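Close look at the chain arrangement
What follows is the residue order along each chain.
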Amino acid sequence: MTGQPQTQSLSTRTWDPLAEAREQEFQAIVQLHRESKATLGHLPYAAFEAAGDKGQLILGFLDDEIAGYILFSTPRQHVIKLVHVCVGTTARRSGLARRMVDAVIDANPSRTIIAAHCRTDYGLDDFWRSLDMAPTAQRPGRAATGSVLTIWTRSIGQFDLFESALYDSVKPKAVLDSNVVIDLFSSTALERPERRESLGLEADWVAGEVEFTISPEVTSDVNRLQPEGERDRVRESLGGFVTLRREETMRDTAAELLERMPSELTTSDFSLSDDAKHLADAILAGADFFVTRDSNLLNATSAWIEGEFGLEVLRPVDLIQRLMPPAPPFRFRSEQLESVGLQWEAVTALPQKLEDAFLERTSNEKATYFRKQLQAVLARPATTELQALVDDRSRFWALLATEILDGVLNVPVLRVGSGPFGETIAFQLVRHLRAHALDEGCSHITVTDSAISPVLRSALTTDGFLGAVPSVELSWATPPEVAARTFTATEVSDYERSNWPQVLIERDVPVNIVPIQPKYARELVGYNDTLLNTRAKRALGLTRQVVYFSSPRGDWEVPSRVLWYVTKDPKASPASAIRAVVAHSRVVDAAILSTENAIEQYRAIGTLRRSEIESYAKNGKVSVLRVEDTQLLESPVNRTAFDEILTKHGVTTSKITTRRAKPGVFDDVMRLQPRWSEQ
């Protein structure tokens, strides 16, 4: 008859030095010690007898035959030290060692830690892990040839104060995977390509939102970290965490989790079996999150683990975004961009279409690297803002991330989408980076995006950014040494173009006063005196350069300046007239063109419809004035104050048509601005 294998019976008891079979049992212990002496080390017989007299010698039986023993001590009030854990060859992998350890724990209910010291070169790590012990430290051994002892520990008994605080906390518990822990505590000498994403967890505000903890598996993973110095560094840092207690049902839960994972992943990635233990510890502890950068683990659990076990497995950046309270509106604003149907939207997730829209293909940027770059940005929401510029059809036009560090506006992401307006948006974004930095009190801008497109590189260079990592210094005031050597209109124009928003005064630069109706001022220079913005053309305002059409005149000087004087809408009541200088620009080109040529070349960045442009024509021609770097005045200069300035410089106060003024008129307008007076 063929039958099923009989189940081996396991049992334990404390060796009794007064029992009738004491001598026979003692000899069995001695024999087991001799057989395993190579990994147990020397211990005199007297030590066995002394342990037996104290009740610190546990016998393990396999089918009523002595097959193992544990000799332990209690050196301190809360510690059990396993001096010998010995299992004979016939009983290995039977579970006898665990049964004996449980007996030791049961015999010492007031103890809180069980520990063992084992030489690293014995290769017994898996054995100690099977007892749910974790490597928590190392120390030199006593061997003459030099040895290292690994200290294996496990928390037992009642929770200590730290464990009670963790398990009783009302905050969600987030269990950190080993890869995240190593990111956080290894030195920068250890190459960790995705480290910056994990470092986002160190933000002060995050600690107030969640309880971070680790599974006992982390210490085992760290124990395999190389080089040795990094292993010691990370291991020492683990003391800052409260480690989860390992439950008896961990292995059954881990086996169930592993079975639920796709077979094509578990057969190709054997580390998922250890990952399952991490997850099981987290689930049995009632954790809310398991935080990992392991893409295989994320893929293996994404479809089912939260619904089945209530544990969300996610990346550091996703946890940070989940915990982040609603942020105030993004401070980087450009009315000239938003008024043409575009708006900034906060990016808190990474849809594939966003990555596809801004992957820098001209430099063969890899999609995986770009994603890591974005994840690192999203992992710092308290200091870094990631925004996409989208239109009303949810198409992506630009992607921008900014962070302020020690007076520097850092730009880790600067991208523009492909299409006809890419260059236009690039120039506008670069210019508004300057405005944003100055508003935040920054003195430098540094663009650290590693894949800057040629379009953006050109825009940055034109705007005065220098270096392989483009950077620029900022100031409202012109350094005296620069002012002392910059005199001609061309020199002034070139300098101001690369050092916006600096403005040089007391220079012989021609000035023109251009009257403009309110509706055109809103569209051309971004002036907004109402709660509504009526600009409709998408291209308007997206460039640092705009075009002004007027009746033909041939006396424009280039370069020169324009003071925009807003008159009144002909259809509005006199009381609603603005009548003030509201902005200034720099003239970079002026020409008289045929109406058709003017419309064809510049209508896209002008302010007038075809019929309006044609109404200004004389003999089929119009003047085209191309201006750039328009700045709204902080304090518009009203008609009364402006008339006083004009009178002072001998200029007629009539503002019906464009007229030339002396450079001093521009200087006096600027001196009325608060920022200028502060300088």
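Residues numbered from 1 in each chain as written. Predicted model: local features only at pLDDT ≥ 70, side-chain atom pairs only at ≥ 80, totals over all residues. Heavy atoms only, no water.

Right, let's talk about the nonpolar core for a bit. Counting 42 residues, the largest nonpolar core has Leu 176, Phe 212, Val 291, Leu 319, Leu 386 and Leu 399 as the members making the most contacts within it. Beyond its immediate chain neighbours, meaning those up to four positions away, Phe 212 contacts Ala 174, Leu 176, Leu 201, Val 206, Phe 241 and Leu 319. In terms of nonpolar packing, the next biggest core, distinct from the first, is built from 28 residues, Trp 344, Ile 445, Leu 460 and Phe 465 among them. (Core = buried A, V, L, I, M, F, W, Y, C linked by side-chain atoms within 4.5 Å. Buried < 20%, exposed > 50% of the residue type's maximum accessible area, 1.4 Å probe, protein only. Contact = heavy atoms within 4.5 Å.)

Attention now goes to the environment of Ser 169. Within the secondary structure, Ser 169 is located in the loop between α6 (161-168) and β8 (173-176). Taking the relative accessible area as the measure of exposure, Ser 169 reaches 19% and is therefore buried. In this structure the C-alpha to C-alpha distance between Ser 169 and Glu 211, which are 42 residues apart in sequence, comes to 7.8 Å. Within the local environment of Ser 169, its side chain forms a polar contact with the side chain of Glu 211, the two groups lying 3.0 Å apart. (Helix = DSSP H or I, 4+ residues; strand = E, 2+ residues; numbered from the N terminus. Polar contact = N/O pair within 3.5 Å; in protein donor to acceptor, adjacent residues only side chain to side chain.)

This part is about the packing of helix α12 (residues 250-260) against helix α14 (residues 272-284). Where α12 contacts α14, the two axes come as close as 8 Å, and the packing angle between them is 120 degrees. Judged on the interaxial angle alone, α14 and α12 are oblique. Handedness of the α12/α14 crossing: right-handed. Listed contacts from α14 to Met 250, Thr 253, Ala 254, Leu 257 and Leu 258 of α12 are Leu 272, Ser 273, Ala 276, Lys 277, Leu 279, Ala 280, Asp 281, Ile 283 and Leu 284. Among the residues making up the contact of α12 with α14, the classes are represented as 10 nonpolar, two polar and two charged. (Axes fitted to C-alpha atoms, helices over the stretch in contact; angles between N-to-C directions. Parallel < 35°, antiparallel > 145°, perpendicular 65-115°, else oblique. Left-handed = near helix turned anticlockwise from the far one by under 90°. Nonpolar A, V, L, I, M, F, W, Y, C, P; charged D, E, K, R; others polar.)

Taken as a whole and assessed by the stated rule, the structure comprises two cavities of 30 Å³ or more. What the largest cavity holds in volume is close to 80 Å³. Within the residue set of the lining of the largest cavity, elements represented by two or more residues are β21 (580-594) and β22 (621-638). Here the lining of the largest cavity gets three residues from one element, more than from any other, and that element is β21. For the lining of the largest cavity, the residue count by class is two nonpolar, four polar and four charged. In this model, the second largest cavity occupies a volume close to 30 Å³. What lines the second largest cavity is simply Ala 489, Val 492, Ser 493, Glu 496, Val 509, Pro 559, Ser 560, Arg 561 and Arg 586. Those elements that place two or more of their residues in the lining of the second largest cavity are α24 (489-498) and β20 (560-566). Per-element tally for the lining of the second largest cavity: the top contributor is α24, with four residues. A class-by-class count of the residues in the lining of the second largest cavity yields four nonpolar, two polar and three charged. (1 Å grid on protein atoms, 1.4 Å probe; cavity = no way out; pocket = protein on both sides within 12 Å on 5 of 7 lines; lining within 4 Å. Points joined across faces, edges and corners; volume = space filled by probe spheres on them.)

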